[in-house]
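Coordinates in review
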Amino acid sequence: MTRMTKKAQSLFPIRVLRALLMRTANVTHPFEPQPKPEPVLEPVPEPEPAPGPEPEPYIEPEPYPEPEPESVHEPVPEPEPEPQTAGILDYDQLPRIPPPVIPLSHKADEFDLAAVIGSIQNGYSVTDLQKYLSHYYKVDERSLKDALNGEIEGIPAIFYVVETNDAELIRYWIKYGGDPNATHGPLRSPLLAFAILRGAYPRFQAARTTETLLRLGASPLVIPTAYYDPFDRDIPESGPEDDELRDNVDGERLWCTPEIRSHLVAALSLTQRYLLWRASKQEPASSRERTLASRRDAEEILGLEQTIIGQRLAAWSLRKSFLINLAMPGRKPLILLFVGVKGHGKSELVSRLAHLLSLEVEKVNCASFSIEEELFGYKAPDLAHDMGSPLNNFLANKSGQRSIVFMDEFDKTSEEVHKTLLAPFDRGTFTYRCFPSCLYVLTLKPIGTYADRRNGDKVDCTNTIWILATNKFDDTVAEFSKQNNAVICDSDLRSEHHTLKRQLHRSLRNECIASFGAPLANQITEIIPFLTFNADEQAVIADKCIMELESRISGPVIISSNPDEDQPVGNVRLQITHNAAVCGTIAKEYYLPELGTRSIAHGVDIAIANPVVGHYLEGGDDLSEDQAETKLTVGTNEEGEVVVSPVVSASSNTGANGYAGFKSSWY
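Here we summarise the structure given alongside this text. Small disclaimer: the values here were computed from a predicted structure and weren't measured. Starting from 1, residues in each chain are numbered consecutively following that chain's sequence as written. The model is predicted, so local features are restricted to residues of pLDDT at least 70 and side-chain atom pairs to those at 80 or more, both for listing and for counting; the totals for chains, interfaces and linings are taken over all residues. Neither water nor hydrogens contribute to the side-chain values; these are computed over all heavy atoms in the structure.

Counting from the N terminus, the helices are the DSSP runs of H or I reaching at least four residues and the strands are the DSSP runs of E reaching at least two. Along the backbone of the protein chain there are 22 helices and 16 strands. Pairs at least 24 residues apart make up 73% of the contacts formed inside the protein chain by residues separated by at least 6 positions. Accessible surface area values rest on a Shrake-Rupley calculation with a 1.4 Å probe, where residue burial reflects the displayed protein chains alone. Counting every atom, the protein chain has about 36,000 Å² of accessible surface; 53% of that belongs to carbon and sulfur. Contacts were defined at the residue level, with two residues in contact if any of their heavy atoms lie within 4.5 Å.

Listed below in structure tokens is the structure:
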């Protein structure tokens, strides 16, 4: 018998096992009798296999598991759905909260957040909300703040307030403790982005909401800077280029996903981009300024610079002067002289100051008075002395209270008026009549006092803010503006602002002395210049004028029994394309430094208002109060001219700036 090699002998058991396994492969039952095995012959040596990897050792296979007896299993729970990627920014309407069965009353023991939100969604007035919040603020300030920042159905309550696009509701909610930087969801969707993306129409309302949030502390940095810096450009419909969104990796901006970006472009108006840009450049108030303003119930003055287009130096100077006057012990009345060309924001800033501080304003047109008695009222024994005058009576009614007297065209006043004003402006000897029959001459040294012409009662003018406006020094201010506007618009040069302001103040003070006399000029606390608008500011002014036009023509048509009371143009919706280009074109063509805002408003009437009304009158059926909406597009043509044309097919997403939100219900 041929002898096997050692390697063949080593492979022998494996070959045998392989053969056995092959024979048993067709066995139908493990206990069936098996045929007798044939005699095993000596194996014939096989040729050695080609060199290769060593064979893996044989592993005994595990026996098949015995089948388990049938049993009743509990149902396998379905996997939880993955969290939705859509956030609060994807919804145009938040959950509806039912109003309380019993109307809200501050007599209730506890503050009811759900009842307040339900009432707001069902038309709760600003006045009622202010009274309700004021009561609980006095009871427990900290508890009210915690409640206002609570959630309703998993959403911060302030989102419901912002959903109304009512700037006054938002104002009081934040004033009493609401957080303007609230966020929602895993991507921390910010309140400011929610307000912008809702795309309220008319756009003027949306801009006011954005302004209110920013001036009350909302951070503009939650919006990627590529959307507003620079603000005076038209962004591509798909959004800024990727290389411009490098700051989007920041945790504050993760909400701005690629799906959101195009919607944000469509929702942002030129005015909103300007507001974001301006807020990002504004220096925050110091802790001491905040504490002082809060303790004197004047915290909103800190956002004054956010309320007016242009005039950064004027708004900043007014805010600083007001805070210094608040902090000064034994202070005199605040006397401000507004100087600059007409139409550049003097009256607007007075209005905004009064709104922020919730003050009444007595406006006096000095050009309409020829003698001192017409301004302050006649003295006894004149028969008309008991009537006083609007200014005299206002001062008497506001004695000791904070209020504003705005004297426009002050350069038209006489020297006699200047002498009378010295008493309420500062210390001095003054004479007043207690009774018509007797004259009392008192030599006192009060601060900011005035005598009521009707009865001689002392009037405390210490807290009166006197604002004197004049165009007398236009040439000086215009030249200063021409030379320094670029520097003043640069927020990083605040120290240079101080230097330039001091230089202008010295020059204007000398002119004031020559015009109004040294005694009166010496009482002026601050001279505040209003500069001409630069090109970017002119464009924003144009956008503001367009928004005001939109508000006027978006209301309902009114057909009255009296034709003089008709409102024939209404229910008109404008879609502004290339917002920056349209506004820049109008501003460039129509802005006149001598007229300021008035010249731009005139340009909007010619370029947009007149063509809009023309298209409106030419199309559609007869006038009716339930007529269909008229949609028109305002844009620019290849020649860069502003054109108005009918909308051929309006997209379902067109709205505020050609945008109306996602139009998705929460449910």
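Back to the write-up after that little detour.
A few words on the pairing of strand β15 (residues 630-636). A pair of strands counts as paired when DSSP detects no fewer than two bridges linking them. Note: strand β14 (residues 572-576) against β15, five bridges, orientation parallel. The partner of R573 across the bridge, within β15, is K631. Bridge count for β15 against strand β16 (residues 642-646) is five bridges, and the pairing is antiparallel. Its bridge partner lying in β16, T636 is registered against V642. Adjacent in sequence and paired antiparallel, β15 and β16 are bridged by five residues, among which G640 carries a positive phi angle near 80 degrees.

Taken together, the side chains of E589, E638, E639 and E641 define an acidic patch exposed on the protein surface. The residue E638 is located in the loop between β15 and β16 in this model. The classification of residues rests on relative accessible area computed with a 1.4 Å probe and restricted to protein chains. Under 20% of the type maximum is buried, over 50% is exposed, and intermediate values are partly exposed. Of the residues examined, E638 reaches a relative accessible area of 80% and is grouped as exposed. Only residues whose relative accessible area exceeds 30% and that take part in no salt bridge are eligible for patches, with like-charged residues grouped when within 9 Å of each other and nonpolar side chains (Val, Leu, Ile, Met, Phe, Trp, Tyr) grouped when within 5 Å. The rule for a salt bridge is simple: a side-chain nitrogen of Lys or Arg has to be within 4 Å of a carboxyl oxygen of Asp or Glu. Residues scored as positive are Lys and Arg, those scored as negative are Asp and Glu, and His as well as the terminal groups of each chain are ignored. Just so you know, the charge point we use is NZ for Lys, CZ for Arg, CG for Asp and CD for Glu.

In this section: the packing of aromatic side chains. Two numbers describe a pair of aromatic rings. These are the distance of the centres and the angle of the planes. Note on aromatic contacts: the rings of Phe and Tyr and the six-membered ring of Trp form a pair at centre separations within 6.5 Å, being stacked when their planes are under 30 degrees apart, edge-to-face when over 60 apart, and tilted otherwise. Here the structure, examined in full by the defined rule, presents 13 aromatic pairs. Arranged with centres 5.2 Å apart and planes meeting at 55 degrees, the rings of F159 and F194 form a pair that is tilted. With F159 in helix α5 (residues 157-163) and F194 in helix α7 (residues 191-197), this residue pair connects regions lying 35 residues apart in the sequence. Overall, the relative accessible area of 0% leaves F159 in the buried class.

Along the polypeptide, F516 turns up in helix α18 (residues 494-516). Taking relative accessible area as the criterion, F516 reaches 7% and is therefore assigned buried. For the pair formed by F516 and D411, sequence separation is 105 residues and the distance between their alpha carbons is 7.9 Å. Every residue in contact with F516, bar those within four places of it in the chain, is listed here: L337, F410, D411, H418 and F473.

A word on the pairing of strand β6 (residues 361-365). Where burial is concerned, the two faces of β6 differ: the one with E362 and V364 is buried and the one with V361, K363 and N365 is not. Sheet analysis places β6 next to strand β7 (residues 403-408), joined by five bridges and oriented parallel. Of the residues in β7, the one forming a bridge with V364 is M407.

Attention shifts here to the packing of helix α10 (residues 270-281) against helix α20 (residues 535-554). Fitted lines through C-alpha atoms give the axes, limited to the stretch in contact for helices. The angle between two N-to-C directions lies from 0 to 180 degrees. Here α10 crosses α20 at 130 degrees, and the two axes come no closer than 9 Å. With respect to α20, the axis of α10 lies oblique. Here α10 and α20 pass one another in a crossing that is left-handed. Across the interface between the two elements, L270, T271 and Y274 of α10 pack against A539, V540, D543, K544 and M547 of α20. Orientation is classified from the angle alone, with under 35 degrees giving roughly parallel, over 145 giving roughly antiparallel, 65 to 115 giving roughly perpendicular, and any other angle giving oblique. Left-handed describes a crossing whose near helix is turned anticlockwise from the far helix through less than a right angle; right-handed describes the clockwise counterpart.

This part takes up the sheet that holds strand β13 (residues 526-530). An order of β6-β7-β12-β5-β13 is seen for the five strands of this open sheet, with the pairing classed as parallel. Of all the strands in the sheet, the pair left with one neighbour each is β6 and β13. The average undirected angle you get between the axes of adjacent strands in this sheet is 20 degrees. Here strand β5 (residues 334-340) pairs with β13 via five bridges, running parallel. Along β13, the bridge assignment pairs V339 with P529. Against the sheet, helix α16 (residues 415-425) makes contact with β5, β7 and β12 (464-470), and its axis sits at roughly 150 degrees relative to β12, the strand it touches most.

Right, let's get into unusual backbone geometry. For the bond from D229 to P230, the omega torsion is 5 degrees, close enough to zero to count as cis. Mapped onto the fold, P230 is located in the loop between α8 (203-215) and α9 (258-267). Even without a glycine there, the phi angle at D297 is positive, about 55 degrees. With respect to the helices, strands and loops of the structure, D297 is situated in the loop between α11 (287-295) and α12 (312-327). Located in the positive-phi region is Q311, a residue other than glycine, with phi close to 50 degrees. The exposure class assigned to Q311 is buried, which follows from its relative accessible area of 6%.

So, on to the side chain of K398. By secondary structure assignment, the location of K398 is in the loop between α15 (390-397) and β7. If near-sequence neighbours (up to four positions away) are discounted, K398 is found in contact with E360, S403 and D460.

This part covers the sheet that holds β14. Taken in spatial order, the three strands line up as β14-β15-β16 in an open sheet, and their pairing is mixed. Each edge of the sheet is formed by a strand with only one pairing partner; in this case those strands are β14 and β16. Neighbour to neighbour, the strand axes of the sheet diverge by 25 degrees on average, direction disregarded. Its contacts with the sheet place helix α21 (residues 579-590) against β14, β15 and β16, and it is angled at close to 70 degrees to β15.

Right, let's get into the pattern of salt bridges. Close approach of charged atoms allows side chains with opposite charge to pair. Following the criterion strictly, the structure yields 23 salt bridges and no others. Of the charged contacts, one joins R203 and D543 as a salt bridge, the two residues approaching to 3.1 Å between their closest N and O atoms. One end of the pair, R203, is in helix α8; the other, D543, is in helix α20, with 340 residues separating them in the sequence. A relative accessible area of 2% means that R203 is categorised as buried. In this structure, R319 engages E305 in a salt bridge whose closest nitrogen and oxygen atoms are separated by 3.2 Å.

This part covers the packing of α12 against helix α13 (residues 346-357). Helix packing for two helices is described by the angle between their axes and how far apart those axes are. As a packed pair, α12 and α13 sit with axes 12 Å apart at the nearest point and diverge in direction by 45 degrees. Relative to α13, the element α12 lies oblique. Once α12 is placed against α13, the crossing between them reads as right-handed. Of the residues in α13, those in contact with A314, A315, L318 and F322 of α12 are L349, L353 and L357. Only Asp, Glu, Lys and Arg are considered charged in this grouping, and only Ala, Val, Leu, Ile, Met, Phe, Trp, Tyr, Cys and Pro are considered nonpolar; every other residue, Gly among them, is considered polar. Residues that form the contact of α12 with α13 fall into these classes: seven nonpolar, no polar and no charged.

A separate point is the nonpolar core. Note on terminology: a nonpolar core comprises buried Ala, Val, Leu, Ile, Met, Phe, Trp, Tyr and Cys residues joined through side-chain atoms within 4.5 Å. One finds W173, I223, L574, I586 and I608 to be the most contacted residues of the largest nonpolar core, which totals 96 residues. With eight residues, the single largest contributor to this core is α20. In contact with I608, other than residues within four places in its own chain, are I546, L549, L574, V582, I586, V634, V642 and V644.

Further remarks concern helix α22 (residues 597-618). Between the first and last residue of a helix there are one fewer steps than residues, each counted as 1.5 Å, and that sum is the expected span. For α22, spanning 22 residues, the distance from its first C-alpha to its last is 30 Å, which sits close to the expected 32 Å at 1.5 Å a residue. Taken as a whole, α22 has its buried residues at S599, I600, G603, V604, A607, I608, A609, V612 and Y616. Those residues of α22 that are buried lie in contact with α20, β14, α21, β15 and β16. Among the residues trailing α22, G620 stands out with phi positive, at a value near 80 degrees.

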